[in-house]
Amino acid sequence: MCRCLLFHPSEITRSSWRLLLKKFLPECQTREACDLVEIHDLAEQGLVDVLMMEFRPCDLDHGLEELKSVISLTGGRHVMLMCGSPAHVTARTAMQAGASVFLGCNESVDELKRAMHAAIEGVPYISSELASVLACSSVSADDSYVEEDSHQGALSTREEEVLNLLVSGLRPSQVAGRLGLSMKTISSHKRNALGKLGVTNILEAVRLWV
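Predicted, not measured: the structure shown is a model, and the values here were computed from it.

Rules behind the numbers
- Residues numbered from 1 in each chain as written.
- Predicted model: local features only at pLDDT ≥ 70, side-chain atom pairs only at ≥ 80, totals over all residues.
- Heavy atoms only, no water.
- Helix = DSSP H or I, 4+ residues; strand = E, 2+ residues; numbered from the N terminus.
- Buried < 20%, exposed > 50% of the residue type's maximum accessible area, 1.4 Å probe, protein only.
- Contact = heavy atoms within 4.5 Å.
- Areas by Shrake-Rupley, 256 points an atom, 1.4 Å probe, with all protein chains shown as cover.
- Axes fitted to C-alpha atoms, helices over the stretch in contact; angles between N-to-C directions.
- Parallel < 35°, antiparallel > 145°, perpendicular 65-115°, else oblique.
- Left-handed = near helix turned anticlockwise from the far one by under 90°.
- Nonpolar A, V, L, I, M, F, W, Y, C, P; charged D, E, K, R; others polar.
- Right-handed = clockwise from strand over helix to strand, strands pointing away.
- Polar contact = N/O pair within 3.5 Å; in protein donor to acceptor, adjacent residues only side chain to side chain.
- 1 Å grid on protein atoms, 1.4 Å probe; cavity = no way out; pocket = protein on both sides within 12 Å on 5 of 7 lines; lining within 4 Å.
- Points joined across faces, edges and corners; volume = space filled by probe spheres on them.

1. With respect to the overall build of the chain
Turning to step 1, where the next piece is worked out: Scanning the chain from N- to C-terminus turns up twelve helices and six strands.
Turning to step 2, where the next piece is worked out: Taken across its 210 residues, the chain has 44% of its residues classed as buried.
Turning to step 3, where the next piece is worked out: Here the analysis covers contacts within the chain between residues at least 6 apart in sequence; of these, 68% occur between residues at least 24 apart.
Turning to step 4, where the next piece is worked out: Approximately 10,400 Å² of the chain is accessible, and the part contributed by carbon and sulfur atoms is 52%.

2. Section: the packing of helix α9 (residues 157-167) against helix α10 (residues 172-179)
Turning to step 1, where the next piece is worked out: Running from N to C, α9 and α10 cross one another at 130°; their axes reach a closest spacing of 9 Å. For the element pair α9 / α10, the angle class is oblique. Relative to α10, α9 is oriented so that their crossing is right-handed. In this structure, α9 contributes Arg 158, Glu 161, Val 162, Leu 165 and Leu 166 to the contact, and α10 contributes Pro 172, Val 175, Arg 178 and Leu 179.
Turning to step 2, where the next piece is worked out: When the residues that make up the contact of α9 with α10 are grouped by side-chain class, the tally is six nonpolar, no polar and three charged.

3. What to know about the pairing of strand β1 (residues 3-7)
Turning to step 1, where the next piece is worked out: For β1, the tally of buried residues reaches four of five residues, placing the bulk of the element in the interior.
Turning to step 2, where the next piece is worked out: In this fold, the crossover linking β1 to strand β2 (residues 29-33) by way of helix α1 (residues 11-24) has right-handed handedness.

4. A closer look at the side chain of Arg 14
Turning to step 1, where the next piece is worked out: Relative to the helices and strands, Arg 14 resides in helix α1.
Turning to step 2, where the next piece is worked out: Accessibility expressed as a relative area gives 19% for Arg 14, which makes it buried.
Turning to step 3, where the next piece is worked out: A polar contact is formed between the side chain of Arg 14 and the side chain of Glu 32, at a distance of 2.8 Å.
Turning to step 4, where the next piece is worked out: Those residues in contact with Arg 14 that sit more than four places away from it in its chain are Leu 6, Pro 9 and Glu 32.

5. Brief notes about empty space enclosed by the protein
Turning to step 1, where the next piece is worked out: The tally for this structure, following the rule as stated, stands at one cavity of 30 Å³ or more.
Turning to step 2, where the next piece is worked out: Taken together, Leu 20, Leu 21, Phe 24, Leu 25, Lys 113, Met 116 and His 117 make up the full set of residues lining the largest cavity.
Turning to step 3, where the next piece is worked out: Among the elements of the structure, α1 and α6 (109-121) are those that each provide at least two residues to the lining of the largest cavity.
Turning to step 4, where the next piece is worked out: For the lining of the largest cavity, a count of residues per class yields five nonpolar, one polar and one charged.

Dropping the structure here:
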């Protein structure tokens with residue numbers, strides 16, 4: 001049984017999340033925390049499997065420390081963040097704070113489900129929408145990034161092409177279809193590129209890109 005904790009959602013987000021959980025995880029126990037003390041107590045008792053939190057621009061000043069506290073209390077891997085507009089700003093800030101599961105504000109139901117399962121399993125996840133926003137906002141920085149980090153091992157043209165498409169939000173199967181390559185070849189390029197960058201997954205690559 002999954003135990004989900006909602007923290008700081010807007011009224012619309014609260015309703016959406018509860019409906020989502022009720023429909024796709026009917027066995028999930030959902031409650032809402034009022035403050036960090038309550039989160040701490042529930043986490044200490046092992047009663048938090050996933051914490052869903054909305055992170056808005058107004059939180060960038062007074063809410064960042066709170067977000068860091070939430071991540072510290074829960075370990076970060078099980079925190080699912082809805083990043084408010086401008087998403088590339090809130091998402092970057094949340095990444096720097098240590099969060100690892102991210103959504104934009106206009107996600108499909110399927111994207112929400114994938115993010116929820118990633119948060120439950122404690123694996124990094126970033127939605128296609130948000131990854132695209134981040135990639136587009138950082139295109140101008142790509143050249144300087146390559147120059148500054150060339151000491152980590154220069155990416156081949158194909159490795160960079162594959163990684164750019166993955167960072168933009170495409171799934172490996174979509175990248176394979178677009179480039180006319182096999183999934184095995186895409187996996188090989190991805191593994192080599194991540195190894196040269198010194199990261200282990202696409203989310204960490206996104207952090208470098210932005």
